Amino acid sequence: MKIKREHFAPYMLLFPAIALLLLFRVYPMISTIIESFYTNNLTANAREFVGIANFQRILDDPIFWISLKVTFVFNLINIPIQTILALAVAVILNMRVRGISLFRSIVMIPIAVSPVVSATLWKTMMDYNAGVINGLLAIVGVPRQEFFLVKEQALWSIVIVTAWKGIPYMMIFFLAGLQEIPISLLEAAAIDGANRWQSFMKITLPLLRRVFAFVLVTDTILNLILFAPIWLITRGGPQLSTDLIMYETYRRGLVYGDLGAASAMLIVVILIVAIVLGLEFLVLRSNVD
């Protein structure tokens, strides 16, 4: 039976994408699962099957639990801030006034900046001795702040760094959702005597539920796997106050050379992300329905 050449065309077009997916997504995941059951110390060049010993080792390590706690607190602070401010900015940029397109372009500039450049920029701006922010604070009589140097301020400073990029990114989805709301609904509410706040609470927010669901899930994933600002600015310090779980995984594997423990920790992170997202989907799905 002769098979026509055009039958293979779709599969040939998909092959490069599937190959890259297998190489950069599936293979590393399978490799991580396998390595989590071995001791693979780069410094000692030793590899031995140990079963679940790596998982027991990290669960008995207090630093792992500190890192997990810091990650939880960071997400508890960062996600509401980014979500609320992104919605507020989207509402402002959705107004039909002259020149609003220019302001939209300006607000979206942080999205075009890479995480490395963004972290380096904020590290320079918030420097204790030569940072422009401390210079401005000195002008108005406020003492210099040790943003990344003391544990009381370090995590909050990382929140500022990530919010600068995160808020415009999440704002795009809210803005798209707002523009999908029929104007006729808002006009009808205004005719019925509803003010702007009542229209926002009774019409706009309910119609943005699906957008909220997407934004919360996306923001949760991005914050749980955050790495670049920690590595470039604080290295998990001071006193482990910014030791997020992804940075601790990197430190175990590539700084200390303990790939077995790092792989086990990464599996735990994946399970935590899956559980958190599962709970979010259950809650948000019930609200949307």
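Residues numbered from 1 in each chain as written. Predicted model: local features only at pLDDT ≥ 70, side-chain atom pairs only at ≥ 80, totals over all residues. Heavy atoms only, no water.

Undergrad: Explanation requested: the overall build of the protein chain in the structure shown.
TA: Along its length, the protein chain carries 14 helices and 2 strands. Taken against the 2.2 N^0.38 rule, which gives 19 Å for 289 residues, the C-alpha radius of gyration of the protein chain at 24 Å runs more than 25% over that of a compact globule. Along the longest, intermediate and shortest principal axes, the C-alpha atoms of the protein chain span 80 × 75 × 35 Å. Taken across its 289 residues, the protein chain has 37% of its residues classed as buried. At a minimum sequence separation of 6, the contacts of the protein chain that also span at least 24 residues come to 65%. Where the 22 positive side-chain charges of the protein chain centre and where its 17 negative ones centre are 8 Å apart. (Helix = DSSP H or I, 4+ residues; strand = E, 2+ residues; numbered from the N terminus. Rg over C-alpha atoms; globule rule 2.2 N^0.38 Å. Buried < 20%, exposed > 50% of the residue type's maximum accessible area, 1.4 Å probe, protein only. Contact = heavy atoms within 4.5 Å. Lys, Arg positive; Asp, Glu negative; His and termini not counted. Charge placed at Lys NZ, Arg CZ, Asp CG, Glu CD.)

Undergrad: What am I meant to see in unusual backbone geometry here?
TA: For residues other than glycine, phi is negative in most cases, and the peptide bonds are mostly trans. In this chain, glycine 237 is followed by proline 238 through a cis amide linkage whose omega measures -5°. Secondary-structure assignment places proline 238 in the loop between α12 (228–234) and α13 (245–255). Of note, arginine 235 is a non-glycine position whose phi angle comes to about 55°, a positive value. By relative accessible area, which is 44% here, arginine 235 ends up partly exposed. At glutamine 239, a position not held by glycine, the phi torsion is positive, near 55°. Secondary-structure assignment places glutamine 239 in the loop between α12 and α13.

Undergrad: In this structure, what is going on with the pattern of salt bridges? I would like to understand it.
TA: Pairs can form between side chains of opposite charge whenever their charged atoms are close. Tallied over the entire structure, the rule returns 5 salt bridges. The shortest N-O distance in the salt bridge between arginine 251 and aspartate 243 comes to 3.1 Å. Under the relative-accessibility criterion, arginine 251 is labelled buried at 13%. Of the residues examined, aspartate 243 reaches a relative accessible area of 0% and is grouped as buried. Of the charged contacts, one joins arginine 251 and glutamate 248 as a salt bridge, the two residues approaching to 2.7 Å between their closest N and O atoms. Within this pair, arginine 251 and its partner glutamate 248 are both found in helix α13, separated by 3 residues, close to a single helical turn. Salt bridges here are not isolated pairs; linked through shared partners, they connect Asp61, Asp243, Glu248, Arg251 and Arg252. (Salt bridge = Lys/Arg side-chain N within 4 Å of Asp/Glu carboxyl O.)

Undergrad: I'm lost on the packing of helix α3 (residues 62–93) against helix α11 (residues 209–224) in this one. Help?
TA: For the pair α3 and α11, the least separation of the axes is 10 Å and the interaxial angle reads 140°. Classified by the interaxial angle, the pair formed by α3 and α11 is oblique. Crossing of α3 against α11: the hand is right-handed. Contacts between α3 and α11 involve Thr71, Phe74, Asn75, Asn78, Ile79, Gln82, Thr83 and Leu87 on the former and, on the latter, Phe212, Val215, Leu216, Asp219, Thr220, Asn223 and Leu224. (Axes fitted to C-alpha atoms, helices over the stretch in contact; angles between N-to-C directions. Parallel < 35°, antiparallel > 145°, perpendicular 65-115°, else oblique. Left-handed = near helix turned anticlockwise from the far one by under 90°.)

Undergrad: Help me understand the nonpolar core, please; the structure alone is not making it clear to me.
TA: Where a protein is soluble and globular, its nonpolar side chains tend to be buried together. Counting residues in hydrophobic clusters, the biggest one holds 18 residues, and the most contacted among them are Ala86, Leu87, Ala90, Met171, Phe174 and Leu208. Going through the elements one at a time, α3, α8 (151–180) and α11 are the ones with two or more residues in this core. If one sorts the elements of this core by residue count, α8 sits on top with 7 residues. The residues contacting leucine 208, other than those within four sequence positions of it, are Leu87, Phe174, Gly177, Leu178 and Ile181. (Core = buried A, V, L, I, M, F, W, Y, C linked by side-chain atoms within 4.5 Å.)

Undergrad: Quick question: what am I supposed to make of the packing of α3 against α13 here?
TA: Where α3 meets α13, the axes come as close as 8 Å, and the angle between the chain directions of the two elements is 150°. Viewed along their axes, α3 and α13 adopt a mutual orientation that is roughly antiparallel. Between α3 and α13, the residues in contact are Ile63, Phe64, Ser67, Leu68 and Thr71 and Ile245, Glu248 and Arg252, respectively. Across the contact of α3 with α13, the residue classes break down as 4 nonpolar, 2 polar and 2 charged. (Nonpolar A, V, L, I, M, F, W, Y, C, P; charged D, E, K, R; others polar.)

Undergrad: Would you take a moment to explain a nonpolar patch on the surface for this structure?
TA: On the surface, Leu14, Ile18, Leu21, Leu22, Val26, Ile30 and Ile34 cluster together into a nonpolar patch covering about 590 Å² of accessible area. Tracing the backbone through its elements, the reader meets leucine 22 in helix α1 (residues 9–35). What makes leucine 22 partly exposed here is its relative accessible area of 45%. (Patch = residues over 30% accessible without salt bridge, like charges linked within 9 Å, V, L, I, M, F, W, Y side chains within 5 Å. Areas by Shrake-Rupley, 256 points an atom, 1.4 Å probe, with all protein chains shown as cover.)

Undergrad: Explanation requested: α3 in the structure shown.
TA: Because each turn of an α-helix spans 3.6 residues, side chains separated by three or four positions end up pointing in the same direction. The end-to-end C-alpha separation of α3 is 46 Å, in line with the 46 Å expected for 32 residues at 1.5 Å each. N-cap assignment for α3: the residue whose side-chain oxygen lies 3.0 Å from the backbone N of isoleucine 63 is aspartate 61. (Expected span 1.5 Å × (residues − 1). Polar contact = N/O pair within 3.5 Å; in protein donor to acceptor, adjacent residues only side chain to side chain.)

Undergrad: What am I meant to see in the packing of aromatic side chains here?
TA: Here the distance between the centres and the angle between the planes together describe a pair of aromatic rings. Considering all chains together, one arrives at 12 aromatic pairs under this definition. Plain terms: the ring middles of phenylalanine 173 and phenylalanine 214 are 4.8 Å apart, the flat faces sit at 65° to each other, and that makes the pair edge-to-face. One end of the pair, phenylalanine 173, is in helix α8; the other, phenylalanine 214, is in helix α11, with 41 residues separating them in the sequence. Assessed through its relative accessible area of 43%, phenylalanine 214 is described here as partly exposed. Here the aromatic residues Phe227, Trp231, Tyr247 and Tyr250 are joined through ring pairs into a cluster of three or more. (Phe/Tyr/Trp six-rings, centres within 6.5 Å; stacked < 30°, edge-to-face > 60°.)

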